[in-house]
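# Residue-level structural notes
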Amino acid sequence: MSQRARQMARVVNDLGMHLRAAGAVVQVAGRFKAEIWLEHDGNRVNGKSIMSVLSLAAARGAEISVQAEGADAQEAVDAIILLIQHGFSMP
């Protein structure tokens, strides 16, 4: 049975969703089997694609929805939320 998870996070780092931040998200997302999506301002993108994540253009203070579906969905969402909350640096 497939699990689904969803949680919101606010971008806290000064530069927002820039290249390094997008790369960190994709790197973390790639550790999970679940399908992962990020959503900002109605734009929903694949969380495992760096170009897609960059296209969100989420600035500091932006609300991002992290969604996943698959056996490890909750773990994937938790890991990406933690990453966002720590300014895209692994705690």
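It should be emphasised that the depicted structure is a prediction, and the values quoted were computed from it without experimental measurement.

Attention now goes to the environment of A34. As for its position among the elements, A34 is in the loop between α1 (19–29) and β2 (35–40). A34 sits 21 residues away from N13 along the chain, and the two C-alpha atoms are 26 Å apart. For A34, the contacting residues outside a window of four places in its chain are K48, A68, E69, G70, D72 and A73.

It is worth spelling out the packing of aromatic side chains at this point. Note on aromatic pairs: each is described by the distance of the centres and the angle between the planes. Following the criterion strictly, the structure yields zero aromatic pairs and no others. Sitting over the ring of W37, R44 keeps its end group 4.1 Å from the ring centre.

Another aspect to go through is the sheet that holds β2. An order of β1-β4-β2-β3 is seen for the four strands of this open sheet, with the pairing classed as antiparallel. Two strands close off the open sheet at either side, each with one partner strand: β1 (3–10) and β3 (43–46). Looking at each pair of strands side by side, their axes are set apart by 20° on average, direction ignored. For β2 and β3, the ladder comprises four bridges, and the chain directions are antiparallel. In the sheet register, E39 faces β3, and the bridge partner there is R44.

A few words on helix α3 (residues 73–85). Spanning 13 residues, α3 covers 18 Å between terminal C-alpha atoms, matching the ideal 18 Å at 1.5 Å per step. Looking only at α3, the buried set comprises A73, A76, V77, A79, I80, I81, L83 and I84. Elements that come into contact with the buried residues of α3 comprise β1, α1, β2 and β4 (63–70).

Of note, L56 is situated in the loop between α2 (50–54) and β4. Sequence separation between L56 and G16 is 40 residues, and the spatial gap between their C-alpha atoms is 10.0 Å. For L56, the residues in contact, after removing those within four places along its chain, are L38, H40, N43 and V45.

All right, on to the pairing of β4 then. With six of eight residues buried, β4 is to be regarded as a mostly interior element. Bridging between β1 and β4 involves eight bridges; their strand directions are antiparallel. Its bridge partner being in β4, A5 is matched across the sheet by A68. As defined by bridge partners, β2 adjoins β4 across five bridges and the pair is classed as antiparallel. Considered in β4, the bridge of W37 is made with Q67.

Conventions and cut-offs
- Think of each chain on its own: its residues are numbered from 1, step by step along the sequence as written.
- With the structure being a predicted model, the display of local features is reserved for residues of pLDDT at least 70 and the display and counting of side-chain atom pairs for 80 or more, all residues being used for whole-chain, interface and lining totals.
- Calculated side-chain values reflect all of the structure's heavy atoms, with hydrogen atoms and water omitted.
- Numbering of helices and strands runs from the N terminus; a helix is a DSSP stretch of H or I covering at least four residues, while a strand is a stretch of E covering at least two.
- Residue contacts are defined here by distance: any two heavy atoms, one from each residue, within 4.5 Å place the two residues in contact.
- Stacked, edge-to-face and tilted are the three classes for Phe, Tyr and Trp ring pairs, Trp counted by its six-membered ring, which pair at centre distances within 6.5 Å; planes under 30 degrees apart are stacked, over 60 edge-to-face, the rest tilted.
- Placement of a charge over a ring requires the Lys NZ or Arg CZ to be within 6 Å of the ring centre, with the centre-to-atom vector within 35 degrees of the ring normal.
- Pairing between strands is defined by DSSP: at least two bridges between the two strands are required.
- Think of each axis as a best-fit line through the C-alpha atoms, taken over the contacting stretch in the case of a helix, with angles from 0 to 180 degrees between the N-to-C directions.
- Expected span of a helix: the number of residues minus one, times 1.5 Å.
- Each residue is placed in one exposure class: buried if its accessible area under a 1.4 Å probe, protein chains only, is under 20% of its type's maximum, exposed if it is over 50%, and partly exposed if it falls in between.

Purely spatial values, then, with no claim about function.
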